[in-house]
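# A look at the structure
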Amino acid sequence: MADNLNQHIDQVRDLKSTLQLDIVSAERSIFSGRAKMVIVTGKDGEIGILPGHTQLLASLKPGQIRYVTPEGKEEFLYVSGGFVEVQPEVVTVLADTILRAVEIDEERAVEAKEKAEKILASKGHKVDEYTAALIELSKALAQLRVARRRK
């Protein structure tokens, strides 16, 4: 009886020290489970989220999502942009594209980075081309940061 009670107390303690994290892209659910901490790349910088965080709705820019599992393992994902909704015990990330580090084609990301840098270095391009190149450069750099975390 005491063992069951202690086990139940440990389970409640684990729930209070973690939050529910749901990460969903337009194509699939990437992760649904408990996490000790979540860090996302918001439009104005990184946002760190712990259990009990105040409510928040924020837009995300191309960057990484980092979360820590209850066992203490850090996981890294690339996100192309989207939104994060934070409730005191639940975090939901919605994005167009989310990739695990192992899914990123590093060679392709390097090529996209170099192409964008070449466009940005050239003169006489239109504002739309310049803006598109900046966006592509941002995405490529974010993918490379996440891909290099797996090494």
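The structure displayed is predicted, hence computed values, not measured ones.

Of all 6 residues in strand 6 (residues 63-68), 5 are buried; the element is thus mostly enclosed. Summarising the sheet, strand 3 (residues 37-42) and strand 6 pair through 3 bridges and their orientation is antiparallel. Note that in strand 6 the partner of M37 across the bridge is V68. Strand direction decides the pairing type here: strand 6 and strand 7 (residues 74-79), joined by 6 bridges, are antiparallel. Residue R66 lies in a different strand from strand 7, and its bridge partner there is F76. Taken together, strand 6 and the strand that follows it, strand 7, pair antiparallel across an intervening segment of 5 residues, in which G72 is found at a positive phi of about 95°.

Where helix 2 (residues 106-121) meets helix 3 (residues 127-149), the closest approach of the two axes is 8 Å, and the angle between their N-to-C directions is 150°. On the basis of their axis angle, the class for helix 2 and helix 3 is roughly antiparallel. Between helix 2 and helix 3 lies a crossing whose hand is left-handed. Judged by residue contacts, E106, A109, V110, A112, K113, A116, E117, I119 and L120 of helix 2 engage E129, Y130, A133, L134, E136, L137, A140, L141, Q143, L144, A147 and R148 from helix 3. Considering only residue class, the contact of helix 2 with helix 3 consists of 14 nonpolar, 1 polar and 6 charged.

Criteria and thresholds
- Residues numbered from 1 in each chain as written.
- Predicted model: local features only at pLDDT ≥ 70, side-chain atom pairs only at ≥ 80, totals over all residues.
- Heavy atoms only, no water.
- Buried < 20%, exposed > 50% of the residue type's maximum accessible area, 1.4 Å probe, protein only.
- Helix = DSSP H or I, 4+ residues; strand = E, 2+ residues; numbered from the N terminus.
- Pairing = 2+ DSSP bridges.
- Axes fitted to C-alpha atoms, helices over the stretch in contact; angles between N-to-C directions.
- Parallel < 35°, antiparallel > 145°, perpendicular 65-115°, else oblique.
- Left-handed = near helix turned anticlockwise from the far one by under 90°.
- Contact = heavy atoms within 4.5 Å.
- Nonpolar A, V, L, I, M, F, W, Y, C, P; charged D, E, K, R; others polar.

Worth remembering: the numbers are spatial, not functional.
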